[in-house]
Amino acid sequence: MSFAPSSPPTSATRIPSTPSTARVMPTNVTGTPSTPTQGNATTNVTTSTAGTDRVRERQGSFGGSTKAKILKPFNTANIKILLLENVNETAVAALRSQGYQVETHAKALAEDVLIEKIKDVHCIGIRSKTKLTKKVLDAAEKLGVIGCFCIGTNQVDLEVAAQKGIAVFNSPFSNSRSVAELVLAEIVLLSRQLGDRNNEMHQGIWSKVSANCYEIRGKTLGIVGYGHIGSQLSVLAESMGMRVFFHDVVPLMPLGTSKQVGSLGELLEMSDFITLHVPETEDTKNMIGEHELNKMKQGSFLINASRGTVVQIPALAKALRSGHLGGAAVDVFPKEPAANGKFFDSELVGCPNTLLTPHIGGSTEEAQSMIGVEVSQALIKFINNGTSIGAVNFPEVDLRAIRDEENSIRLCYTHMNVPGVLLRITNILADHNVDKQFSDSKGKIAYLMADISDVTPEQIQDIYRRVSETPTNIVTRILY
């Protein structure tokens, strides 16, 4: 990763016009303990002052007489950002407004092209088709942060990214309304067999029937996963007169008159419509197979707008062709084409009353615009301020605004989560005025931020050198 010059300034000039080397402030650790422990698992907060004669007024969003300092850890024109898969223009504009170099591509890149491109970038923005595997990340010599402009992050090797000190951000909320609306529309379409009637009309076939066509009012909707999408859907469905029940792995407060049931099996047996809204995990992989489908009501409907690995496609096709299920709507698939075109094939093609859509649940102008804003702001805050709030693979750490003083810096230290690290950092900073400090950990990775005031360029050099040379160092950055 290359967010700052390879060494802090040695003169009165605080922000060099160009980095002193191509490689930035991280020092990658080559030796790793065989069995890291959770010695730094407890959140640590430290505030210090240099005595009563230098009492500092609390700064931040709640006031303070001193203006907050805008951190500039580098010449922003040297930061290179690669955005793939037609990331929304709101994100492009936000990132360019910071002075970053932004390169955009309308589609995902082939792996060999991606490996070549990623060698020189500090930040990459992707959607669902780009796969950031260990092989790709190993080629990313300067990469410091990844933005997933979507809900899911399963296209990124999150563990490898964390081990390299690369934070990954996504947009867990922005497209939830779009997905909920699509699912509600599909409930109506399936209950009236509109997909089949539409196909017949395009073939010149007039088939006016009412058999097995129903209103959705009074029907039971079963929601698997009552998160941002599931809970919004429950409100919309109730407004259409549906009875709503849901199953989740944790107890949750129901919205409206919806009710939580104790097991997935119970939900399958009682519902006219089952809709899936779960993340891709080991627990949810192949969650719905032949056994679960057989538990569903005769003539009921299944909707999957979550992840393609959640439903066993051959079992679903069998249940549809046999007539056990009255229909299905599927927006996600175990394997999806990397580009638009005639590349799609599935056992579900040709199944009766089956709606197939190309992973467009969150593909609305409104959702993509909001995702662009949400993810780009997270990237900017991490690059410029070190803030990791919202990262999915990384300890979430933030500090209130640093004071706008000439001789103040922010230390951002990503390290292995082993005992003794905070003691080393405390000893390094013992002779300096630490205004505030915060540390947190996630698994094998820990992240510390500290604001230090009244330091000379020579002292900045010394702090950076001593911290980056610690045996647990993954990435050290100094923002000033």
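Before any of the text, the structure's been laid out above.
Here's the deal with the packing of helix α5 (residues 176-191) against helix α7 (residues 228-239)
Each pair of packed helices gets described by two things: the angle between the helix axes and the distance between those axes. The N-to-C vectors of α5 and α7 enclose an angle of 50°; their axes lie 9 Å apart at closest approach. Taken as axis vectors, α5 and α7 run oblique relative to one another. In the crossing of α5 with α7, the sense of the turn from one axis to the other is right-handed. Here α5 contributes Ser 176, Arg 177, Val 179, Ala 180, Glu 181, Val 183 and Leu 184 to the contact with α7, which in turn contributes His 228, Ile 229, Gln 232, Leu 233, Leu 236 and Ala 237. Looking at the contact of α5 with α7 residue by residue, the class counts come to eight nonpolar, three polar and two charged.

Regarding the sheet that holds strand β9 (residues 259-260)
An order of β9-β8-β7-β10-β11-β12-β13 is seen for the seven strands of this open sheet, with the pairing classed as parallel. Looking at the sheet topology across the chains shown, the edges are occupied by β9 and β13 (354-356). Note: strand β7 (residues 220-224) against strand β8 (residues 243-247), five bridges, orientation parallel. Across the sheet, the residue bridging to Ile 223 is Phe 246, located in β8. Sheet strands in contact with α7 are β7, β8 and β10 (273-276), and its direction is about 175° off that of β7.

Section: the pattern of salt bridges
Counting across every chain of the model gives 17 salt bridges. Three or more residues joined by partner-sharing salt bridges are found here, namely Asp 462, Arg 465, Arg 466 and Glu 469.

Re the pairing of strand β4 (residues 123-126)
On any regular strand, side chains alternate: one points to one face of the sheet, the next to the other face. The alternating pattern of β4 places Cys 123 and Gly 125 and Ile 124 and Ile 126 on opposite faces, both of which are buried. Bridging between β4 and strand β5 (residues 145-148) involves four bridges; their strand directions are parallel. Residue pairing for β5: Gly 125 is matched across the bridge by Gly 147.

Here's the deal with the sheet that holds strand β3 (residues 101-104)
Working definition: the strands of a sheet are paired by backbone hydrogen bonds and lie parallel or antiparallel to each other. Strand order in the open sheet made by the five strands is β3-β2-β4-β5-β6, with parallel pairing throughout. Whereas interior strands pair on both sides, the edge strands pair on one side only; in this sheet they are β3 and β6 (167-169). In this sheet, adjacent strand axes meet at a mean angle of 15° when their direction is disregarded. Sheet topology places strand β2 (residues 80-83) next to β4; three bridges connect them, and they run parallel. Each residue of the ladder has a partner; that of Ile 81, found in β4, is Cys 123.

Conventions we followed
The written sequence of each chain sets the order in which its residues are numbered from 1. The model is predicted, so local features are restricted to residues of pLDDT at least 70 and side-chain atom pairs to those at 80 or more, both for listing and for counting; the totals for chains, interfaces and linings are taken over all residues. Hydrogens and water molecules were not included; the side-chain quantities draw on all heavy atoms of the structure. To get an axis, fit a line to the C-alpha atoms, keeping to the stretch in contact for a helix; angles then go from 0 to 180 degrees between the N-to-C directions. Only DSSP runs of H or I reaching four residues or more are called helices, and only runs of E reaching two or more are called strands; each is numbered from the N terminus. If an angle is under 35 degrees, it is roughly parallel; if it is over 145, roughly antiparallel; if it lies from 65 to 115, roughly perpendicular; otherwise it is oblique. In this scheme the handedness of a crossing depends on how the near helix is turned from the far one: anticlockwise by less than a right angle means left-handed, clockwise means right-handed. A contact between two residues is defined here by any heavy atoms of the two lying within 4.5 Å. Classification convention: Asp, Glu, Lys, Arg as charged; Ala, Val, Leu, Ile, Met, Phe, Trp, Tyr, Cys, Pro as nonpolar; all other residues, Gly among them, as polar. The rule for pairing is simple: two strands pair if DSSP sees at least two bridges between them. When a carboxyl oxygen of Asp or Glu lies within 4 Å of a side-chain nitrogen of Lys or Arg, that pair is called a salt bridge. Exposure is judged per residue with a 1.4 Å probe applied to protein chains only, and the accessible area is read against the type maximum: over 50% gives exposed, under 20% gives buried, and values in between give partly exposed.

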